Amino acid sequence: MLSAFARAFRTPDLRRKLLFTIAMMVVFRVGSFLPTPGVSYPNVQACIEQVGNDNSLLGLVNLFSGGALLQLSVFALGITPYITASIIIQLLRVVIPRFEALHKEGQSGTAKLTQYTRYLTIALAVLQSTTVITVARSGQLFPGCSLDVIPDPSWPVLVSMVITMTAGTGLIMWLGELITERGIGNGMSLLIFTSIAATFPTAMWSVAGGSGGIGKFLVVLAVIVLVIGLVVFVEQSQRRIPVQYAKRMVGRKTYGGSSTYIPIKLNMSGVIPIIFAASLLQLPTLAAQFGDQTAGWVQWVSVNLAPTDAGLHMLLYVALIIFFAFFYTAITFNPDEVADNMKRYGGFIPGIRAGRPTAQYLDYVITRITTPGSLYLAAVALIPTLVFIWLGIDSTAIPFGGSSVLIIVGVGLETVKQIQSQLEQRHYEGFLR
């Protein structure tokens, strides 16, 4: 990996792309520390020092914003509205035939869906910024801190805060698209990578400098290295289904007759099931935060669902991850569509008839592959939490545990692959050597 980066920096056009990508990531991190107008920055910092920077209610948003949410900065919402909008548009393809038709139109249809995603991102940014400001005003953002983080709660100030945070989300979306167009890798994924990676040094330092000590810090570091090795091994694993294309005579020319394969990854859904499961489990906690704290159901939620190390929480977490792994894979990979495309171009799987039998075979393979893939996702998400419980360390020291490692390793591998592919295009020697 390091050699790929070194060779890329020796190539002028790739060096420009890498420097542009790094510059955009720096701009993103700078915006994460700029306070929103109307926020008392000293009071926010004092509340963070007093209460801590972990809040299970808004932990997912804070993770993807690189800690900017709890500081109520310009980029407080991070990339979360765009992620949510993208997932919603993907899910609507199953419900709205028009979206599925646009997806099949190619580049023009994809551009239209991207435009819809942008509009939905802005709408979600307005909704989420209003929610964050309401939570901050009610004192639930920093429970136990008596300082007022918004000294002037007048309507003009609150409206300007909503506009500022929404504009920050729009700017993040624009930065991500600029990186995709002019830089290296997927811009949105790299911004998520930057946000999560920025929280790791502080989290690891809190383990070493807090009650954990150097011994527990080394154990946590070893577990992270093992999880990284597991993620790299599984993310690179794939089942290759062979496909043979029959020869066709068009005039005097022969077409087809080639052999290829369909690569099916062990984990086709990526980190989406973990995000879905974590978000869904936060809904009861969200309702409990605004309910009567003396009510029985509120206390039950606070004991059994709110803590990430509670037995019921972990059991539901695993069940939801497995369910969403199958659900999201079924949405993104359509065996009937793949079988129809193969039949249209004269392709077939050796030993399997074209058409419906091919679709049934693909569905059978996908089900067998997704089963261990979903268990792998659940294991990656739970291993750090279980280790923290065993060591007696706060399980929220590293946000979302193994899922953070999964995102970082996945984005890193994909970026390195893109760098290597561009290097091969520029330094291809072929049969000359």
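Quick note: structure is the one above.
Residues numbered from 1 in each chain as written. Predicted model: local features only at pLDDT ≥ 70, side-chain atom pairs only at ≥ 80, totals over all residues. Heavy atoms only, no water.

Looking at the sheet that holds strand β4 (residues 259-265)
Inference 1: Ordered by their spatial adjacency, three strands build an open sheet running β4-β1-β5, and the pairing between neighbours is antiparallel. The sheet is open, and its two edges are formed by β4 and β5 (347-348), each paired on a single side.
Inference 2: Taken together, the seven bridges between strand β1 (residues 238-245) and β4 define a ladder with antiparallel strand orientation. Paired with R240 across the two strands is P263, which belongs to β4.
Inference 3: Packing against the sheet, helix α15 (residues 356-391) makes contact with β1 and β4, and its axis sits at approximately 165° to β1. (Pairing = 2+ DSSP bridges. Helix = DSSP H or I, 4+ residues; strand = E, 2+ residues; numbered from the N terminus. Contact = heavy atoms within 4.5 Å. Axes fitted to C-alpha atoms, helices over the stretch in contact; angles between N-to-C directions.)

Side note on the environment of I133
Inference 1: Structurally, I133 can be placed in helix α7 (residues 107-138).
Inference 2: Overall, the relative accessible area of 5% leaves I133 in the buried class.
Inference 3: It is 7.7 Å that separates the C-alpha atoms of I133 and L158, two residues lying 25 residues apart in sequence.
Inference 4: Excluding its chain neighbours within four sequence positions, the residues that come into contact with I133 are I150, L158, M161, V162 and M165. (Buried < 20%, exposed > 50% of the residue type's maximum accessible area, 1.4 Å probe, protein only.)

Some details on the packing of α7 against helix α8 (residues 155-182)
Inference 1: Between α7 and α8, whose axes approach to 9 Å, the crossing angle comes to 140°. Between α7 and α8, the angle is such that the two are oblique. The handedness of the crossing between α7 and α8 comes out as right-handed. Along its contact with α7, which presents T114, R118, T121, I122, A125, V126, S129, T130, I133 and R137, the element α8 presents L158, M161, V162, M165, T166, T169, G170, M173 and E177.
Inference 2: Looking at side-chain class alone, the contact of α7 with α8 contains nine nonpolar, seven polar and three charged residues. (Parallel < 35°, antiparallel > 145°, perpendicular 65-115°, else oblique. Left-handed = near helix turned anticlockwise from the far one by under 90°. Nonpolar A, V, L, I, M, F, W, Y, C, P; charged D, E, K, R; others polar.)

Remarks on the nonpolar core
Inference 1: Counting 57 residues, the largest nonpolar core has I79, I274, Y317, I321 and L406 as its most contacted members.
Inference 2: If sequence neighbours within four positions are ignored, I321 has contacts with P273, I274, A277, S374, L377, A378 and A381.
Inference 3: Listed in part, the 24 residues of the second largest apolar core include I48, L70, V132 and A136. (Core = buried A, V, L, I, M, F, W, Y, C linked by side-chain atoms within 4.5 Å.)

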